[in-house]
Structures are given as structure tokens and as C-alpha cells.
Amino acid sequence: MFLKAIDIAPARVAGLLEAAEAAARAIPPAFPLSATVAVNPFLGQTGEDLATAAARLARVAGVRLMRPRAELAAEVAAGRIGDDDLAEALIACASPLKPADLALLKARLATEPPAPAALPTLADLVAGVGGTDWPAVIARAFGLWAAGQFDLGQALWSPAARQGAYAAWREWATHDLTPEIAGLTGFCAHVAAAPDTAARAVLRASERLGLTEAAAPTAYHRLLMDLGGWAQHARWLLWQAELAGGSDTTLTDLLAIRLVWEEALLAHAPEVGKAWAETLAAHEAPVAPTADQVLDAILQEAAERAHQRRLAAMLNGPAPALPARPALQAAFCIDVRSEVFRRALESLDPGIETIGFAGFFGLPLAHLAHGTDEAATHLPVLLNPGLTATSHAAPEVEQAARIAARTARAWGRFRQAAVSSFAFVEAAGPLYGAKLVRDALGLGAKAAPAPAPRLAEALPVAARAATAAAVLKAMSLSRGHAPVVLLVGHGAQVANNPHESAYHCGACGGQTGEVSARLLASLLNDPETRAALPAQGIALPEDTVFVAGLHDTTTDTVTLHDTEALPAETLAALRRWLAGAAALARAERAARLPGATALTIADRARNWAEVRPEWGLAGCAAFVAAPRAVTAGADLQGRAFLHSYDWAADPGFATLELILTAPVVVASWISLQYYGSAVAPEAFGGGNKLIHNVTGGIGVVQGNGGILRPGLPWQAVHDGARLVHEPLRLSVLIEAPTEAMSAVLARHPGVRALFDNGWLHLFALQGGRVAARYRPGLVWQAEGAGAGA
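If you had to explain the overall build of the chain to someone new, which residues and values would you point to?
The secondary structure content of the chain amounts to 30 helices and 19 strands. The C-alpha radius of gyration computed for the chain amounts to 28 Å, which stays within 12% of the reference 28 Å derived for 789 residues, consistent with globular compactness. With respect to the three principal axes, the spread of C-alpha positions in the chain is 80 × 75 × 50 Å. Put simply, 73% of the contacts in the chain that link residues at least 6 apart link residues at least 24 apart. Total accessible area on the chain stands at roughly 31900 Å², and carbon and sulfur atoms take up 59% of it. Here the chain contributes 62 positive and 73 negative side-chain charges, whose respective centroids are spaced 2 Å apart.

In C-alpha cells:
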């Protein structure tokens, strides 16, 4: 009935709806502030190479995906990027648009290409003829509605009933006079007369706007990019729904909303029809890179090859024979911040050995924290939890904690309510003076330690032993155990920072690694589990004790948990080592943080005015999966993810497959989020921390409303004078046979696409040296000893 009423052919319906789905898949998800994890902002473009993605995002977002040529030219002039790097990147490029030779490439390096400009929306075109800033009006009106629609509990007043986004917006927009006050007469009536479903609204608007099936994919993508982080939040809702086996239509709803605006604006200013037709023709053209974009992609690869060359020169070569039984083994998360601490710890005693493993320690947990029944997932966002843990205390203690939490929430709402807030400020304001002083000096009360976590339902002994054995084998820790094995998760202490969870453990879903470390230590110390491990091929020495710790990456202190089984002397020695390593790590990190010293760097964790408490994972550029001996002693400057891996102890290459499909993918998301926030902050960056306001508990806006800002704040990648994060695609170095790695990639086309299309670089190590470089199509190119690039 509807299709007949607007005279649209079924084939065209299918084509337009497929284009809407493709546009939705081109948007990356943005996780809420409660569990912020890094996301690859180019997740929807991994099926194409960097130059093509640059062409696409120039069209739909007006951003550039590579650094300015002047910056790269300076590196060439300084010798950091050599002629060999440029020549090899030029040879590796398959585009017919590339420069003919090295001389021409270097000549064009001196010229900057024109800045990209997104194809205009109708809001842009109408703003150009009428003087009203319609993109700003839409951002403001849409943001005000979206903040309430998607609120996660921050707002005092929220919509009474949750509806689909499109239906909820229609109800809102028919009463919102903002567009009409701005000059869009009849907008409320236009919305009231709009189709009753998002799909119908998309189809009707596409007809009225003249969108063809060829133009629709990038035209829709352009409108969704216009919504910034709101579209990415909707993509997260779809991500979560699909992870649970369902689906979600919110992103299509948002596209429909934006198209309804476009309809109204074209009717309001039909004189832009000619310019709009030209825009549609540009959208119909296939997405293809220009010669400038191809050149910039070659220069980007040259910068990465230069880094790979320097990295390869730092590797140690063949692993020496293992020494006698170590005094301490310390397993850290592969997070690049652990590299600095591990190197410092190893320098204190030759009997200390460190290990790298994903910070969730192989336990796919959903955790019920003390005082709440809301489960938080402590595992990579690519996975679903398989175990439930709890830190609930005795019923009376738990009830007291919940009453205290409810009281605090009620008091907070009273302080912020529309009427009581005025009286509160007058009556209680002076009493808060002391609290403000305490907080400003970092003297506020510390939270009491939470009860130890435990599995909500005890596993049978066989299951516990199988889990423990699987984790130990994945950690390459199936033999040679020290008397003390330290399992160190990580988190970050910060003050007044909405992005706190972004500093926590990405492998733990934006939570700290404490719960995972404590549960694994408990499991491995369990007598019944240990008695069953020999049947799994692992025999733990009777005197080996597993101890959990939490590394605060802002202060470099390590808090130990559940140390009762350690002798007093052993515990004292362990604490001395950790304190010594912390001092060395703080001194190294202070040199890279503006205004920090080794003595004051820890104070940044308590400073509520500090915009850079630490650099997080800024600078990350490499992932190494090999025995620690390959990188031990090398100063990798906190830029490498280090995963312990011994392929000789992995006969079926199950651990190799796990590494390539989970930690490598998570590391690539982190690397590419930093990359996107550095090179395209307008589209993929979180903006300026100084003017952030938290909205809906979801994310931040700049100022008091408008478009949600995803990604990392500018202060997380820039020190005020220069970029601190060098935007490089991640180089993955794995000591394993090339045939085994090719077999894994052949089984996982999504992971293979990351390497085939150049979003990641892959190298095979042999004897601790770079032996081969992966090329598209499961091809390996031999590399010279120590060359690396």
C-alpha cells in the first residue's frame, strides 16, 4: 500500500534499504563512558585500502587520513625517513596513480594537497543561501533530544516511556519550536505528516530528494557522519544487540530523522535544487582515490617502514639458554604502558622474569561488583562472557552498601533538582568549602577495598583444572615456574576525568584488571585445581604461589592482593622490587609528560584540574608475540604491546590463532583509535577536555549541547605544541612459521582483511630477527637480516 502510494519500485526499495544498511555498517561503534574501550574508527572501511578510505571519508566527512606532508618532509630532511623507506613504499604501492619514480615522489613531497571538503548536505546548501546556520541548528536540536532519549541515568528527568528512536523523535519534534523560530516554517507539521516508520521515512525522503541507488550509499553515510558520536552510539547499540544474537534499528532511525530534516530544508529553499543535483552526481561517482591520496598513502607507509627498520634493529636475535629457576615471574597485561614497568623490574635482579598476556588473563568474566546487581563485563568487547563472578559480601553488609549508595544518589539529585538546588547552594554552599579544599589537595577520603571476587557458581574440579591449564598454556607458562608468580592487572587513578575507563584495561572491557588477576590467582592456588593439573600436562611446584596485583599506570604503584600464603621475607622482597621498579618507571615517564618530574608525576592522579594525568597508550606502534628474550633489555619507549609466545610449545597453533584473532585485533583497535584521533580529530576525536560536559552518562559534548564527541580528547594525543602520538599503523611481529600464520588468516577473513588492506603490518620472526613481511594474498616477502623493512 505504502509503496504504491509513493510509486516506488520494489527493486529500488531493496537498493535504497541496502544502501542504508551499508551506511550504518560504515559507522564505528562508540562505547559509553562507563566502559570506554578503544574502537577502530575505520571499522567500516577495513575492506578497502588506506587511500580508498581516505577518498571515502574526504567525501562524507571532509577529513584527511594522513599527516600533513610538511611533517613528513621534515622527517625525511632529518633522516628519520630514508630514501630506502620511500623507495620500498613506492614499489609496494599497486596504484597506477603513484609517482613514476623516487625523484618525482620527493618533488611532490614539497607541495601540500588541497584540504578535503565533504560534499554538502542540504543543510549546508540552504545555510549558504539564507544565512541561517542550519547544520548548527540541527546539531543543537538533535543533541538536545538525543541526550534525553539515550540517557543512561544521568538526567533528572527522562522520557517517561522508552520508544524506538524515530517514533520518540517524531513525538518530540512535533512540539519543538526551535526549527520554526530559526525560520523553518511548518516543520512541526512536516514531522507530524512524516511516515510512521523509519524505513518508510527513508524511502519517501529518498524519492523527494532524488537519491538514486548509486548516490545513496555515500549520501546516507554523509548524513550519519553529520551526527557525530550520536550515530556511533547507535552503532554501539547494534554491536551489543548482535553480540547477544539480536539486532537493533536505532541507526536506521537516526538516518530517517536526518533525512526528514533534509526534506523540509529542500522544500523551504527550492532554489538550491541545482546545487543539490550537482551534489547527487558527485555522490553517484564511484569512490576512488586521487593521485594526491595515493601519494599520501605511500608517504604514510614510508614512515611506517622507517619505524619498522628501527624496531627490527632493537631485537635481540636468538634467545639465550634459560637461567636457573627464576626468583620471580611477573605476568603483566600486554598494554604498552607495562613495557616500561617490566623493563624497570627486570633491571633490578637477574632472577626476575616478566611475561606479557592479555589483561583479562583468559577469564571471560561478567562481574557483579560490591553493592550492585549490574554486571560489568571484564573481557574484550569482541567476546561474550562465559563465567559470572561476584564481589558481593554478606547480606547485611551488602544491604548497607546499597542503602549508602541510594542515599548518595538521592542527595545528589536533591542538590541538582530544579527547585531545591537554589536553596541548597544558599544553605550548604559554605559547608562545602572544606571539601573543595580537601579535593583540590588530593586529600579526599579513599574508597574502602572491595571484597575479594569469587565465581558466582563453583566450577567442578575438572572444569577448574581445564580452565587453569588453558590459561597457563596460552601464557607460555606451562613449565619452569618460579616460587612466586605475580599476576598483574592494571588500571588508572584519575580525578575529575570523564574518560577514566579509557585509561583502564582494554582487554577487560574498560574495567581494571584487578578482578581477573585475583580470580586467576585464587584458581591457581586452589589445592584441588592444582592436584588435577598433571592430567592436563602441567605440574606446578609445591612451593609456587600465585599472587594478584594491580598496576596503577598513573602512579606506577602496584597493590598486592591476597598475600597471606607468602612468607614475610618473600613479601618484603617483592614489595622492594615493585617499589624500585615504580621509581624507575616514574622517572622515565616524567620525561615525556609536560610539567612532570619523577617526584610529582604521581600527584597528577589526584589533581582534578589535570588534563594529562598520563599519556595512556599514546605512541603505540608495535605488537610483538615472541619469547621475552627477543625484546628483553631493548628500550621500546612504552610503544610496544609485548605478548609472550613460544610457538614450539604450541603444537596445534591454537594459541597463535587466539593471539591473531583477539589480542592483535584489540591492539589494532587501540592503535587505529589513536591514529584517527590524531589525524582526523574533527570526525574521530573527543575534542577539548577543557570545555567537556558529560551527556547522558554516554559521552561528552563541547559546551552545553550539540554533537556527541567520540574518540580521544585532543589532550590525549597532543602536548600543546606537537603530536605526542605518532600516527602509524600497527606493526605486528610474531615468532612463528609463516605457514601457520597464513593458515590462521585463511580461516579468519575479517582478520586477514586488516593485513591485506594495509590497516596492519605483519612480520614473521625467526631466531629473534625479522625474516619475512606479509603481503596481500597470503604471500610472504623475505626480509634481509636485521633490515625489518
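How would you summarise the packing of helix 14 (residues 229-243) against helix 15 (residues 250-268) if you had to cite specific residues and measurements?
The contact between helix 14 and helix 15 brings their axes to 8 Å, and the two run at 150 degrees. Accordingly, the angle class assigned to the pair helix 14 and helix 15 is roughly antiparallel. On the side of helix 14, the interface is formed by Trp230, Ala231, Ala234, Arg235 and Leu237, while helix 15 contributes Thr250, Leu251 and Leu254. Of the residues belonging to the contact of helix 14 with helix 15, the class tally is six nonpolar, one polar and one charged.

Please give an account of the packing of aromatic side chains that cites residues and values.
Taken as a whole and assessed by the stated rule, the structure comprises 15 aromatic pairs. Relative to Trp759, the ring of Phe42 lies with its centre 5.3 Å away and its plane at 20 degrees, an arrangement referred to as stacked. With Phe42 in the loop between helix 2 (10-25) and helix 3 (50-61) and Trp759 in the loop between helix 30 (749-756) and strand 17 (761-766), this residue pair connects regions lying 717 residues apart in the sequence. With respect to burial, Phe42 and Trp759 carry one shared label: buried. Aromatic pair Phe142 and Trp145: ring centres 5.3 Å apart, planes at 65 degrees, arrangement edge-to-face. Note that Phe142 and Trp145 are positioned in helix 8 (residues 134-149) at a spacing of three residues, about one turn of the helix. Aromatic rings pair up to connect Phe42, Tyr675, Phe684 and Trp759 into one cluster.

Give a detailed account of unusual backbone geometry, specifying residues and quantitative values.
Most peptide bonds take the trans configuration, and most residues that are not glycine carry a negative phi. Here the phi dihedral of Gln637 falls at roughly 60 degrees; this positive angle occurs in a residue that is not glycine. Topologically, Gln637 is positioned in the loop between strand 10 (622-626) and strand 11 (640-644). Positive phi values are uncommon outside glycine, yet Phe653 reaches one of about 60 degrees. Its location among the elements puts Phe653 in the loop between strand 11 and helix 26 (654-661).

Explain helix 3 residue by residue, including any values.
In this model helix 3 runs 15 Å from its N-terminal to its C-terminal C-alpha over twelve residues, within 8% of the 16 Å that 1.5 Å per residue would give. Along helix 3, eleven of the twelve residues are buried, which leaves the element largely enclosed by surrounding structure. Within the span of helix 3, buried status applies to Leu50, Ala51, Thr52, Ala53, Ala54, Ala55, Arg56, Leu57, Ala58, Arg59 and Val60. In this structure, the buried residues of helix 3 make contact with helix 13 (216-226), helix 16 (273-284), helix 17 (291-314), helix 27 (663-679) and helix 28 (681-684). Following helix 3 by one or two positions, Gly62 has its phi on the positive side, about 70 degrees.

Break down the nonpolar core for me, citing the residues and quoting the values.
Leu65, Trp145, Tyr220, Phe623, Phe641, Ile734 and Phe755 are the most contacted members of the largest nonpolar core, which has 161 residues in total. In terms of residue count, helix 15 provides more of this core than any other element does, eleven residues in total. Setting aside anything within four residues of it in sequence, one finds Phe641 in contact with Ile334, Asp335, Val336, Leu617, Cys620, Ala622, Phe623, Val624, Ala667, Ile670 and Leu730. One finds Ala331, Ala389, Ala469 and Leu487 within the second-largest nonpolar core, a separate group that totals 29 residues.

Explain the pairing of strand 18 (residues 769-775) residue by residue, including any values.
Burial analysis of strand 18 places five of its seven residues in the buried class, which makes it a mostly covered element. Pairing of strand 17 with strand 18 involves four bridges; the strand directions are antiparallel. Residue Gln766 lies in a different strand from strand 18, and its bridge partner there is Arg769. From the end of strand 17 to the start of strand 18, which pair antiparallel, there are two residues, and Gly767 there has a positive phi angle of about 60 degrees. As judged from the four bridges shared by strand 18 and strand 19 (residues 779-782), these two strands associate in the antiparallel manner. When the bridges of strand 19 are listed, Ala772 appears paired with Ala782. Remark: three residues form the turn of the hairpin made by strand 18 and strand 19, two consecutive strands paired antiparallel; Gly777 in that turn has positive phi of roughly 90 degrees.

If you had to explain the sheet that holds strand 9 (residues 558-561) to someone new, which residues and values would you point to?
The strand order across the open sheet formed by five strands is 2-1-7-8-9, and the pairing between neighbours is mixed. Among the strands making up the open sheet, the edge pair consists of strand 2 (352-357) and strand 9. With direction set aside, neighbouring strand axes in the sheet form an average angle of 25 degrees. Taken together, the four bridges between strand 8 (residues 545-552) and strand 9 define a ladder with antiparallel strand orientation. Across the sheet, residue Ala548 finds its bridge partner in strand 9, namely His561. Helix-sheet contacts for helix 18 (residues 336-346) involve strand 1 (328-333), strand 2, strand 7 (484-491), strand 8 and strand 9, and the interaxial angle to strand 2 is about 165 degrees.

Before we move on, can you summarise the pairing of strand 16 (residues 731-735) with the specific residues and values?
Judged by how many residues are buried, strand 16 sits mostly within the fold: five of five residues are covered. Residues Ser731, Leu733 and Glu735 of strand 16 are buried on one face, and the alternating residues Val732 and Ile734, pointing to the opposite face, are buried as well. Bridge count between strand 10 and strand 16: four bridges; the pairing is parallel. By the bridge assignment for strand 16, Phe623 is matched with Val732. One ladder, built from five bridges, connects strand 16 with strand 17; its direction is parallel. Within the sheet, the bridge partner assigned to Val732 lies in strand 17 and is Leu762.

So, the sheet that holds strand 3 (residues 365-368): which residues are in play, and what are the values?
The sheet built from four strands is open, its strands ordered 4-3-5-6 with mixed pairing. The open sheet has two edge strands, strand 4 (375-378) and strand 6 (454-455), and neither has a second partner. Two elements, strand 3 and strand 4, share four bridges in a ladder whose sense is antiparallel. Along strand 4, the bridge assignment pairs Leu365 with His378. The strands touched by helix 23 (residues 514-525) within the sheet are strand 3, strand 4, strand 5 (387-390) and strand 6, with strand 3 carrying the most contacts at an inclination of about 105 degrees.

Thresholds applied
Residues numbered from 1 in each chain as written. Predicted model: local features only at pLDDT ≥ 70, side-chain atom pairs only at ≥ 80, totals over all residues. Heavy atoms only, no water. Helix = DSSP H or I, 4+ residues; strand = E, 2+ residues; numbered from the N terminus. Rg over C-alpha atoms; globule rule 2.2 N^0.38 Å. Contact = heavy atoms within 4.5 Å. Areas by Shrake-Rupley, 256 points an atom, 1.4 Å probe, with all protein chains shown as cover. Lys, Arg positive; Asp, Glu negative; His and termini not counted. Charge placed at Lys NZ, Arg CZ, Asp CG, Glu CD. Axes fitted to C-alpha atoms, helices over the stretch in contact; angles between N-to-C directions. Parallel < 35°, antiparallel > 145°, perpendicular 65-115°, else oblique. Nonpolar A, V, L, I, M, F, W, Y, C, P; charged D, E, K, R; others polar. Phe/Tyr/Trp six-rings, centres within 6.5 Å; stacked < 30°, edge-to-face > 60°. Buried < 20%, exposed > 50% of the residue type's maximum accessible area, 1.4 Å probe, protein only. Expected span 1.5 Å × (residues − 1). Core = buried A, V, L, I, M, F, W, Y, C linked by side-chain atoms within 4.5 Å. Pairing = 2+ DSSP bridges.

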